[in-house]
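# A closer look at the structure
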Amino acid sequence: MRALMRVLTGERTARSVLVAGAALSLFTAMAGLCTDAQAATGSFSYQRADTGGITTIDNPPDHFCFILSGEALSVHNGTNSTAILYEDAECDPNQFLDAAQPGQTLRFGVRLPLSVRFG
């Protein structure tokens, strides 16, 4: 019976070590992802075509597609990253409209941006 208990205890210990190792690996991978993620510093604002109101996005993460609700009549890129503007809601490269450099303001006429991506 004692031999059986030692075997079972050994299996539990091995399983616990395996689970702890897997958790540590996952934590390390997640920490690596977090440190690799970049974000633009500053604010991006746009004037909505539907209401005329101003909407602001603060410190947007790079490579994330933001939908510009109501489309944009004008944009001001107050971030330290290039804002790439698209005519569709999915930041489709085939729907590229314009790029606003840091500190730049753009105004639009007939073709209005519906999404933006930074970086």
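Scroll up for the structure.
The rules we used
Residues numbered from 1 in each chain as written. Predicted model: local features only at pLDDT ≥ 70, side-chain atom pairs only at ≥ 80, totals over all residues. Heavy atoms only, no water. Helix = DSSP H or I, 4+ residues; strand = E, 2+ residues; numbered from the N terminus. Buried < 20%, exposed > 50% of the residue type's maximum accessible area, 1.4 Å probe, protein only. Areas by Shrake-Rupley, 256 points an atom, 1.4 Å probe, with all protein chains shown as cover. Core = buried A, V, L, I, M, F, W, Y, C linked by side-chain atoms within 4.5 Å. Pairing = 2+ DSSP bridges. Axes fitted to C-alpha atoms, helices over the stretch in contact; angles between N-to-C directions. Disulfide = S-S within 2.5 Å.

## A look at the overall build of the chain
Scanning the chain from terminus to terminus reveals one helix and eight strands. Taken from the N to the C terminus, the helices and strands of the chain come in the order α-β-β-β-β-β-β-β-β. Per-residue burial over the chain gives 24% buried out of 119 residues. A total accessible area of about 7,600 Å² is found for the chain, and carbon and sulfur atoms account for 60% of it.

## Overview of the nonpolar core
In this structure, Phe-44, Leu-68, Val-75, Leu-85, Phe-108 and Val-116 are the most contacted members of the largest nonpolar core, which totals 16 residues. If you list the elements that add at least two residues to this core, you get strand S1 (42-48), strand S4 (72-79), strand S5 (83-86), strand S6 (96-100) and strand S8 (115-118).

## Some words on the sheet that holds strand S2 (residues 54-58)
On the basis of which strands lie adjacent, the open sheet formed by four strands has the order S2-S1-S4-S7 and antiparallel pairing. A single partner strand is all that each edge strand has here, and the edge strands are S2 and strand S7 (105-107). Put simply, the sheet's adjacent strands are angled 15° from each other on average, direction ignored.

## What to know about the state of the cysteines
Taken as a whole, this structure holds one disulfide when the rule is applied. One disulfide in the model links Cys-65 with Cys-91; its S-S distance is 2.1 Å. Judged by the sign of its S-S torsion, about 90°, the bond between Cys-65 and Cys-91 is right-handed. Here Cys-65 is found in strand S3 (residues 65-67), whereas its partner Cys-91 is found in the loop between S5 and S6, with 26 residues between them in sequence.

## Description of the pairing of S8
Taken together, the three bridges between S3 and S8 define a ladder with antiparallel strand orientation. When the sheet's bridge partners are listed, Ile-67 is paired in S8 with Ser-115. The pairing of S5 with S8 spans four bridges and is classified as antiparallel. Bridge pairing in S8 places Ile-84 opposite Arg-117.

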